[in-house]
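Understanding the architecture of this molecule
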Amino acid sequence: MQSDGEVRASVADLVAQLTGSDVAQIQPTSRLKELGIDSLLAVELADELGRRHGLYLSDQAVDSMRTVEDAVRAVAHHDGATPPTWAQSPDAGPVVLSTSPAGDSPAETTEHDVPLDRSRFTAGAITTALTMIVIGGLVGVALGFGASTLLASTGLGDTELPPISASPTADAGEETGSTPTPTPSPTAETSDPAVPEPSLAASSTTVSPGSRFTLTGAIPAVGPGAQLQVQVKDPDSDWDDFPVTLTTGTDGGFSAEVYTSRTGTREWRLIHVETGEATPSVAVTIG
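Heads up: these notes are all about the structure in this document. Owing to the predicted nature of the structure, the values given are computational and were not obtained by experimental measurement.

A word on unusual backbone geometry
Of note, Asp-236 is a non-glycine position whose phi angle comes to about 60°, a positive value. Examined against the element boundaries, Asp-236 turns out to sit in the loop between β6 (227-233) and β7 (240-247). Of the residues examined, Asp-236 reaches a relative accessible area of 82% and is grouped as exposed. You will see that Asp-251, though not glycine, has its phi angle at about 55°, which is positive. Along the polypeptide, Asp-251 turns up in the loop between β7 and β8 (253-258).

Have a look at this one:
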């Protein structure tokens, strides 16, 4: 276990990277919220502290981090929490994030195998999806009731159509002495139209460190309610999971707000967690 002083220096360094603050002004009693660490950045801070010190900070530990000293205590006096069972599978894969100052080469990047707790990000997305489903059902019922009322008021629902004759007349054949040759009807096309390809766009292709930008697009083939994972790729490296997941809406559409303090040009994409189907990538320059 590292000393409180070593952990304190690590916390101050990470807070400075995430918020752009002067590390000299970060004191043990400084409140994280006043330094610019909101709830999303607090999760990123906890994940990076876990990678640096080889441990996992539970949701309770993250919620308790109000000041810099609280974050130091959560690491130096770790409660022994471990990642969820599903996150310990080999499929989760390591997540690579930079722990070096801006401008260092990719070779100085540190890789840690502590999985992310994706449940911290999916609660809001699940609530949004359920709300959309309920609203869609209510709209469908209202439209059906309105259409029924309209038919009843116009009398169209009571219109009686003449019966269709069960057998064709044979007058033409009897007059000419021959049986008319039926005209073949064209074969109806049964093939479904092609499903649109996945799409992805960024609200801005150049942002400053720590600034938010939005990734929007769709994976039509997966439909609504599918879980997507945001991924990031640095030059000369493979795709890695970024700590943001979300659920698709109508026609597989999505919108994800992300930000990072790591500088350089990074590629972004989203993949369907179950099938691995991915959107095209989009490049965003940080810094």
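Quick word on the nonpolar core
In this structure, Val-11, Val-15, Leu-45 and Leu-57 are the most contacted members of the largest nonpolar core, which totals 28 residues. Sorting the residues of this core by element identifies α1 (4-19), α2 (32-35), α3 (39-53), α4 (59-63) and α5 (68-76) as the ones contributing at least two each. In terms of residues, this core owes the most to one element, α1, which gives seven residues. Val-222, Ala-226, Val-244 and Phe-254 belong to the second largest nonpolar core, which has 22 residues in total.

Here we look at the environment of Val-43
Its location among the elements puts Val-43 in helix α3. Judged by relative accessible area, Val-43 falls into the buried class, the value being 10%. Each C-alpha atom of the pair Val-43 and Leu-57 lies 9.3 Å from the other, and the pair is 14 residues apart in sequence.

Thoughts on the packing of α1 against α3
Interaxial distance between α1 and α3 falls to 10 Å at its minimum, and their mutual angle equals 135°. Considered as vectors, α1 and α3 are oriented oblique to each other. With respect to the hand of their crossing, α1 and α3 are arranged in right-handed fashion. Contact residues: α1 offers Val-7, Ser-10, Val-11, Asp-13, Leu-14, Val-15, Gln-17 and Leu-18, while α3 offers Leu-41, Glu-44, Leu-45, Glu-48, Leu-49, Arg-52 and His-53. Per-class residue counts for the contact of α1 with α3 are eight nonpolar, three polar and four charged.

Here's the deal with the sheet that holds strand β3 (residues 199-202)
Ordered in space as β3-β5-β8, the three strands form an open sheet in which the pairing is antiparallel. Strands with a single pairing partner mark the edges of an open sheet, and in this sheet they are β3 and β8. Between one strand axis and the next, the sheet turns through 15° on average, direction left out of account. With six bridges connecting them, strand β5 (residues 213-218) and β8 associate as antiparallel partners. Bridge pairing in β8 places Leu-215 opposite Ala-256.

About the criteria used
Residues numbered from 1 in each chain as written. Predicted model: local features only at pLDDT ≥ 70, side-chain atom pairs only at ≥ 80, totals over all residues. Heavy atoms only, no water. Helix = DSSP H or I, 4+ residues; strand = E, 2+ residues; numbered from the N terminus. Buried < 20%, exposed > 50% of the residue type's maximum accessible area, 1.4 Å probe, protein only. Core = buried A, V, L, I, M, F, W, Y, C linked by side-chain atoms within 4.5 Å. Axes fitted to C-alpha atoms, helices over the stretch in contact; angles between N-to-C directions. Parallel < 35°, antiparallel > 145°, perpendicular 65-115°, else oblique. Left-handed = near helix turned anticlockwise from the far one by under 90°. Contact = heavy atoms within 4.5 Å. Nonpolar A, V, L, I, M, F, W, Y, C, P; charged D, E, K, R; others polar. Pairing = 2+ DSSP bridges.

Scope: geometric values only; no functional claims are made or implied.
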